[in-house]
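Descriptive structure summary
The chain contents come next:
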Amino acid sequence: MAFGKQKRSNKKHDSKPYDHPNSNAASEPLGATPFAPTDEALKGEEEKDLESYLFGKKRAPRVDKTLLELNVEKNKQQDDAVVDSVMGGMADSELFFMDAPGRSKTGEVDQEETNPLDAPFSDDDEEDIMESDNSDSDSEPDSESGSESDSDSESESDSSSSSSSSARSVKKSNSKKAAWQDPDDANIKVSLKSQAKLKKLRQDADEDVVGGKEYERRLKTQFESLNPRPQWATASTSRGIAGQDPLQSLLSSSSPFIASSRARQSVLPSGELDIERIKDVKGGEEGPVRCLGWAPSTGDRDILTVAGSDRRVRIYNINGPSNPLLSTIHIPSLPIDNLKFHPHLPQVLLSGKRPFLHVLSLATSTSARLPLLPPSSNIPAPKSLSSVSFSPDGKILACAGAGGTVYLVSWGAGGPQGLIAMLKNPGGSGKGDGIDGLHWAKDGKELWTMGANGGEVCVWDVGARRCINRWRGTNGGDGWGGFGARILEGNERAGLCAVGSSTGIVNLYENDYTTEAAPPKLVRTFDNITTSISSLCFNPDGQILAAASKEKKDTLKLYHTGSMTTFQNWPTASTPLGVVTAMGWSQKSEYLAIGNKRGKVLLYRARAYEESTLRNVVSKSGESRPTTGETLAMERASPPFNVRKLAVLMHKSEKDLARKERFMAEIARTPAFRLDDIHDLSKDEIRERTMEKFAIMVHYVTNESLETFNLRMQLIGIADPAFWTRFGVHYGLFLGAVRGGATTSQLNYWVEKGVLGLNGVIGCFGMTELAHGSNVAGLETTATFDRSSDEFIIHTPHIGATKWWIGGAASTATHCAVFAQLVVDGKKHGVKTFVVQLRDTKTFQLLPGINIGDIGKKMGRDGIDNGFIQFTFVRVPRSHMLMKYTQVSRTGEVFEPPLAQLTYGALVGGRTSMVSDSANSAKKALTIAIRYGAVRRQFSSGGNAIETQLLDYPIHQRRLMPLLAQAIANGFTAHKMEEMYGELSSALETLEPNDPNTQDVLDKLKEVHATSAGLKAFCTWSCLSTIDTCRQTLGGHGYSAYSGFPSMYNDFAVQCTWEGDNTILSLQSGRSLISSYTDAIRGKKLAPGVSYLARPNVFEAKSSGKLDLEDIDQGWACVAANLVRKAAEDYERLVKDKGMTKEMAMEGCSQGRFVAAKAHSIGYIFRMFKSALEAIPAEFENEKKVLLVTCRLYGLHQIEEQAGGFLKYGYFERKHLDAIELEVNDLCAQLRAVAVPVVDGFALSDHIINSPLGRWDGQIYEAYFDHVRRSNPLPKIHPYFERLIKPLLERQPATDFGGPEMRTELDEEIAELAAEAKRAKQTNA
Ligand SMILES: Cc1cc2nc3c(=O)[nH]c(=O)nc-3n(C[C@H](O)[C@H](O)[C@H](O)COP(=O)(O)OP(=O)(O)OC[C@H]3O[C@@H](n4cnc5c(N)ncnc54)[C@H](O)[C@@H]3O)c2cc1C
């Protein structure tokens, strides 16, 4: 129920109570004097029908025609008549809607183009052979596997090269060495005169050669003087172990968005890397491994793809012990130089010195050979595609062509989709000088290209297609130590770009520079490799850079980017790597794959990135696993967004968030609002507590602005639903009815009686009866006008008409807004509202003729006293009928309002508040479930020493992450609904008799009414199932009352029933959609929420395959539109072919209406979420990114759930659904990585959550144990041992079991059965 209904009017209520409604007609705002619409012609046909139904006006019969005919008929006039006849006159007590008057179509209907379906991957490359899974001999254990020996290696003497097949760890030493120490330093001599850059390190002009140690020291001093050490680097080295300092501050600044799943990280200690070798895999039958790559995000699986010189691509599942081969693909036509995973799609791009690409689709296990540019393009494609790179969002592929030209090609699920731009290197000669390096920076806004000719780096502004900077290194000579740069690689997380030169120098530059004039800042030069750098590779979190040279055996270095040092312990000069030709880090940095010239891929596991190790490293407790509190702290360690800013977005504004925080503090400190004991209170105790809170809340309701008070009540609604209901029954329902239905003078009267401050009136709302609920028109309580006494007689004619379920009636209300049939002179005039006093306010005795009872314990919300009421000829003054609309004069004349539809505005507020309550309650449930899932561990997956967090199981992510996305989507939709309701309320408030805006207000009312009906139903349903799923994710503890879930579920369940049963509301929404569809056919302007029904080609739309927000939006529009059309056509067929009445036909197509309403509501929620994202200001960029993931997850997961419709109407094909499944997996994993900070953004205090299992600090077991103990003290004397248990235990067996004879009988029976079994056995034998 909405508290908006009791909005205090600023108008002065100056008329006297009991005024005759007609006596002050001039001063009444609306309805006091019946008025006719200003212009009959303004009304649509349906409106006239509706009026005829409501007001009994006679309408001339019209000619029926079919809707199907309508689709083909050209004659517009005829169309209108047909639509009117079939779709018109849907008057029904469950529906409020009417036609808007005909308007011009031009410019008023959303125009959206559909994208043609992408061409699927063609499998036409007959040269490419997909070899069977596991058929490769690599699947068999390699005799050399696990061995450190490699025939490439000259040195077989490494102590770790013994042929043990088990993994062996290169252990960290205990003593910590200087952060700048490099093991190779001791052996080198550096000439300080040899390079311009080094000259600055001299202490006098003549100084030249220094030793490695001294060189390090000076380099360090110089670097630190230029670049004060970042705080996080200091922390990591001085404290050594992350987690001993709040990790939040350490990494938050450098953490970008959830680039891949499991983005959580810890600070990696410098110095030594704990790394062990695991089983090798084969990279090819012959020749060097050419390139390799890891799938960017595949949940818990690490998928390695290797391209060998035998032109085969092998795909492995790297798990440590067995590393099975999954598949081998042979591509004879392509010598593969480049293997790139698409960042978001399940695709691998392969290229080489050929003018075409190959794309492997992991989703469909197909491969396709594709041209870079369409054959129709008049721009010649590059002849070689050796250097390619996807933008971070995967939408652009950059390809280096000849002459320093870079082709930017649009990319979609089907591969290249056309040239976007060509970037011509301004320094390029135009021929021969290619590009050796491509690096996307600044989240794809910049592209850095490095020319092969001299290694000049160009920084491109991708949006402007402009080179904004060109620079070379600062190592003297050509800038790269005289021999040219060879390779360029960057990492956004580290904020670094590495350039490797032909002399072995590796320069590290800051990625993030903005000046166009100067080169980026050089952060560090490593020169402990002496041959040309051929591979550079950052690990995904950017804390390690690997550099290798293929000119010399065993040449690979690992650099720690935090401290800018070389890892000392590995690899050593004798680590038998062979000639390194390719390398790559797995998605979570756990594995490093090193491909060599012998066609082998050596695999190493970096234990620092192993899940269990990470946990051990950060554990402060000294226990073998982190405590639950530590685990939760780690979950919050490095969110790639600001939690506060995310919270602001989800609460509309900083002001609203701050207010909510204040309310939470106030509530927590108010003793009456204690919640910890609520689960153990009896029904009567809870009810008493409810009334205690009344007085406190009355203070706020009478002193705060409506807006502030509504926010306060939203919060109370999720913390204490029973109290919220009791309070809401008075202020939302009772006062809402009075305010909505009373004339000004009547309202003044009730205000003076104390309806606002509860000083004289405590109300309840008497609509439902024992035999009637949803069908309000069928209520049977009567209010018969007695002309002689100028009174109404309220009466319950039989038991079925007993008012039932009436909240507050049982023991707390003084007055009731009674819904009863108005009877004047024996004629019924429909259901109207009458204020009837129930109890004496002084004695609280029931008044004569009133019979009230308590209806007892309910499923939930026991804080409210629901009761029944029977009236036996109870007399009330005529003025107690609320007469803002229908009026009864002193002489018994009944004046009906011309636009009774306006009264429907009163229903919208309640539904709107329930959309918001659904979002908030789901957020509460998810906060508990997600925090619990993060700290609860069960089993150990993947052989980790520490048990796995529940939230790390992909299926657990599948259970919770889509619900998290849904709750957030519903939250944004609730904001929109509140906005619409606010506008509607103001419009209704200010509407005057004969107001020219009447039709506009009615249109708005129609839209909000229909929208709120569908949303109320589908949001409350989704919330209820969210609560139960969350409960189940807590296992047994979810069943404990103290988890909060049992009461949450029981309290929330009624939201699906009251204020409009969900099924009925869904049907109502479906009916309204049919009406909108007919409006669309007739060319009428549609309300924004349904405008997609009039989009050109919406019914035939096809997916672009991009699965982006546009694609998803269009998909929902297409499916919803088709379902609405189907429902409309079914309805029409039932009328025309089966000869049904319109009402029967409506019932006949109720399933169609229901399904259409569901698709429409989901699509609507998605669209609201999407449009909220589009409106997010630029300063919330990081927060917007996580919401984008959430929005896509919502849309795609709902598509998965409703896949039938998408296939049926051809928007998606099967391959798309396969891709969606993978995408949803990935999005779930992405959201899981930040799930704890995201639910923190819901900003719910522990008091409001009221569950020890969802506490902010993660100390769940201690708090739960404590709570259970405190709430259930064992009594010193057992209450019923003596009376019940003792006699049971001490009873005589003989008495119970019938004595020795019965035992004998039993023995005989057993013997018989045994003999029978023996016989049966013999027979069978
Ligand atoms: C805790 C609680 C508190 C309440 N408080 C109040 C209160 O303070 N004041 C008050 O007046 N009322 C109150 N109610 C009553 C509530 O508003 C009604 O229960 C609700 O409107 C549903 O009506 P009903 O129970 O008569 O169900 P019915 O209308 O009988 O519906 C029963 C079932 O039939 C289905 N159904 C009914 N009609 C159709 C149809 N045409 N097509 C298809 N399916 C149909 C419904 O979907 C439903 O599943 C309360 C109810 C509860 C549970």
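Residues numbered from 1 in each chain as written. Predicted model: local features only at pLDDT ≥ 70, side-chain atom pairs only at ≥ 80, totals over all residues. Heavy atoms only, no water.

The subject of this paragraph is the overall build of the protein. Within the protein one finds 32 helices and 43 strands. The 1325 residues of the protein split such that 58% are buried. Residue pairs in contact within the protein that sit at least 24 positions apart in sequence constitute 67% of those at least 6 positions apart. Carbon and sulfur atoms form 53% of the exposed surface of the protein, whose accessible area is close to 52,600 Å². (Helix = DSSP H or I, 4+ residues; strand = E, 2+ residues; numbered from the N terminus. Buried < 20%, exposed > 50% of the residue type's maximum accessible area, 1.4 Å probe, protein only. Contact = heavy atoms within 4.5 Å. Areas by Shrake-Rupley, 256 points an atom, 1.4 Å probe, with all protein chains shown as cover.)

For the rest of this paragraph, the subject is the site of the ligand. The environment of the ligand is made up of 16 residues, and the closest members are F765, T768, G773, S774 and D1061. Interatomic distance of 2.7 Å between a side-chain N/O atom of T768 and a nitrogen atom of the ligand. Here a nitrogen atom of the ligand and a backbone polar atom of W805 are 3.0 Å apart. Coverage of the ligand by the protein amounts to 65% of the 970 Å² it exposes when considered alone. Contributing elements (two or more residues each) for the shell around the ligand: β36 (803–807) and α20 (1062–1081). It is β36 that provides the largest number of residues to the shell around the ligand, a total of three residues. Its residues assigned to classes, the shell around the ligand comprises seven nonpolar, eight polar and one charged. (Near = heavy atom within 4 Å. Polar contact = N/O pair within 3.5 Å; in protein donor to acceptor, adjacent residues only side chain to side chain. Nonpolar A, V, L, I, M, F, W, Y, C, P; charged D, E, K, R; others polar.)

All right, on to helix α15 (residues 744–753) then. Most of α15 sits out of view: seven of its ten residues are buried. Within α15, the full set of buried residues consists of T744, S745, Q746, L747, N748, Y749 and W750. Following α15 by one or two positions, G754 has its phi on the positive side, about 110°.

So, about the packing of helix α9 (residues 628–635) against helix α16 (residues 905–935). Between α9 and α16, the least distance of the axes is 8 Å, while the angle of their chain directions is 110°. Considered as vectors, α9 and α16 are oriented roughly perpendicular to each other. When the axes of α9 and α16 are compared, the crossing they make is right-handed. The residues of α16 that touch α9, namely those facing T628, T631, L632 and E635, are R931, A934 and V935. Of the residues that constitute the contact of α9 with α16, the class distribution is three nonpolar, two polar and two charged. (Axes fitted to C-alpha atoms, helices over the stretch in contact; angles between N-to-C directions. Parallel < 35°, antiparallel > 145°, perpendicular 65-115°, else oblique. Left-handed = near helix turned anticlockwise from the far one by under 90°.)

The next subject is unusual backbone geometry. The residue after W570, namely P571, is reached through a cis peptide bond having omega -10°. Examined against the element boundaries, P571 turns out to sit in the loop between β29 (565–566) and β30 (580–585). Of note in the backbone geometry, D554 takes a positive phi value of approximately 55° without being a glycine. With respect to the helices and strands, D554 occurs in the loop between β27 (544–548) and β28 (556–560). You will see that F873, though not glycine, has its phi angle at about 45°, which is positive. Note on placement: F873 falls in the loop between β40 (866–871) and β41 (874–877).

Turning to the sheet that holds β36, a few remarks are in order. Each strand in a sheet pairs with another by means of backbone hydrogen bonds, the pair being arranged parallel or else antiparallel. Overall, antiparallel pairing links the three strands, which are arranged β36-β40-β39 in an open sheet. The sheet terminates laterally at β36 and β39 (850–854), the two strands that pair on one side only. On average, each strand axis in the sheet is inclined to that of its neighbour by 35°, with strand direction left out of account. Sheet topology note: the β36/β40 ladder contains three bridges and is antiparallel. From the neighbouring strand, I806 faces β40, where its bridge partner is G867. (Pairing = 2+ DSSP bridges.)

A word on the packing of aromatic side chains. Overall, the coordinates contain 24 aromatic pairs when judged by the stated rule. With centroids separated by 5.1 Å and ring planes inclined at 80°, the aromatic side chains of F390 and W411 adopt a geometry described as edge-to-face. Of this pair, F390 sits in strand β14 (residues 388–390) while W411 sits in strand β16 (residues 405–412), and the two are 21 residues apart along the sequence. An identical accessibility class is assigned to F390 and W411; each is buried. Ring centres of Y749 and W750 lie 4.8 Å apart, and the angle between their planes is 80°; this geometry places the pair in the edge-to-face category. Accessibility expressed as a relative area gives 13% for Y749, which makes it buried. Taken together, the ring pairs connect F673, F694, F709, F723, F727 and Y731 into an aromatic cluster. Here R369 stacks its cationic end above the ring of F356, 4.1 Å away from the centre of that ring. (Phe/Tyr/Trp six-rings, centres within 6.5 Å; stacked < 30°, edge-to-face > 60°. Lys NZ or Arg CZ within 6 Å of the ring centre and 35° of its normal.)

Here the focus is the sheet that holds β29. Taken together, the four strands give an open sheet; going across it, the order is β26-β27-β28-β29, and neighbouring strands pair in antiparallel fashion. Each edge of the open sheet carries a strand with a single partner, namely β26 (535–538) and β29. Across four bridges, β26 lies against β27 in antiparallel orientation. Residue pairing in the sheet places L536 in a bridge with A547 of β27.

Of all seven residues that make up strand β18 (residues 435–441), six are buried, and the element is covered over most of its length. As defined by bridge partners, β18 adjoins strand β19 (residues 446–451) across six bridges and the pair is classed as antiparallel. Across the sheet, the residue bridging to W440 is L447, located in β19.

Turning our attention to the confidence of the model for the protein. Any segment with low pLDDT has predicted coordinates that should not be analysed in fine detail. With 75% of its residues at a pLDDT of at least 70, the protein reaches an overall mean of 79. Here residues 2–186 is a poorly scored stretch, pLDDT under 50, and it has 471 contacts once near neighbours within four places are set aside; other chains count. Here residues 223–265 is a poorly scored stretch, pLDDT under 50, and it has 90 contacts once near neighbours within four places are set aside; other chains count. (pLDDT = per-residue confidence, 0-100.)

Attention shifts here to the pattern of salt bridges. Scanning the model with the defined rule gives 60 salt bridges in all. Measuring nitrogen to oxygen at the nearest pair gives 2.4 Å for the salt bridge that ties R878 to D790. Taken together, the residues R878 in the loop between β41 and β42 (887–888) and D790 in the loop between β34 (782–786) and β35 (791–795) connect sequence positions 88 residues apart. Neither R878 nor D790 differs from the other in exposure class; each is buried. Between E791 and R875 there is a salt bridge whose closest N-O contact spans 2.8 Å. Remark: R875 occurs in strand β41 and E791 occurs in strand β35; sequence separation between them is 84 residues. Taking relative accessible area as the criterion, R875 reaches 43% and is therefore assigned partly exposed. Through salt bridges with shared partners, one network takes in R674, D676, D677, R689, D1266 and R1270. (Salt bridge = Lys/Arg side-chain N within 4 Å of Asp/Glu carboxyl O.)

Relative to the 16 Å expected for twelve residues at 1.5 Å per residue, helix α29 (residues 1260–1271) spans 16 Å between its end C-alpha atoms, a close match to the ideal helical length. Inspection of α29 places I1260, A1263, Y1264 and H1267 among the buried residues, and these make up the whole buried set. In an axial view of α29, the angular spread of the buried residues amounts to 95°, which keeps them on one side of the axis. Turned more than 90 degrees away from the buried face of α29, the exposed residues are F1265 and R1269. (Expected span 1.5 Å × (residues − 1). Arc of directions from axis to C-beta.)

Let us now look at the state of the cysteines. Summed over all chains, the structure comprises zero disulfides. Of all cysteine sulfurs, the one in C1023 lies closest to C1030, which takes part in no disulfide; the gap is 9.0 Å. (Disulfide = S-S within 2.5 Å.)

Let us now look at the pairing of β40. Within β40, five of the six residues are buried, leaving the element largely enclosed by the surrounding structure. Bridging between β39 and β40 involves five bridges; their strand directions are antiparallel. Across the sheet, residue N851 finds its bridge partner in β40, namely Q870.

This part covers a negative patch on the surface. Taken together, the side chains of E1305, D1307, E1308, E1309, E1312 and E1316 make up a negatively charged region of the molecular surface. Within the secondary structure, D1307 is located in helix α32 (residues 1299–1324). (Patch = residues over 30% accessible without salt bridge, like charges linked within 9 Å, V, L, I, M, F, W, Y side chains within 5 Å. Lys, Arg positive; Asp, Glu negative; His and termini not counted. Charge placed at Lys NZ, Arg CZ, Asp CG, Glu CD.)

With respect to the helices and strands, the residue D1111 is situated in helix α21 (residues 1109–1136). One buried charged residue, D1111, forms no salt bridge at all, with the nearest opposite charge on R1192 at 7.9 Å. When neighbours within four sequence positions are excluded, D1111 is seen to be in contact with S1103, S1104, G1105, K1106, Y1211 and F1212.

Turning our attention to the environment of Q1055. In this structure, Q1055 sits in the loop between α19 (1045–1053) and α20. Sequence separation of Q1055 and T1020 is 35 residues, and the distance between their C-alpha atoms is 6.2 Å. With near-sequence residues (within four places) excluded, Q1055 lies in contact with R861, M914, D917, K1016, T1020 and N1062. Here the side chain of Q1055 touches D917 through a polar contact of 2.5 Å, side chain to side chain.

It is worth spelling out the environment of E456 at this point. Turning to its location among the elements, E456 is positioned in the loop between β19 and β20 (457–461). Each C-alpha atom, one on E456 and one on W471, is 5.8 Å from the other, the two residues being 15 residues apart in sequence.

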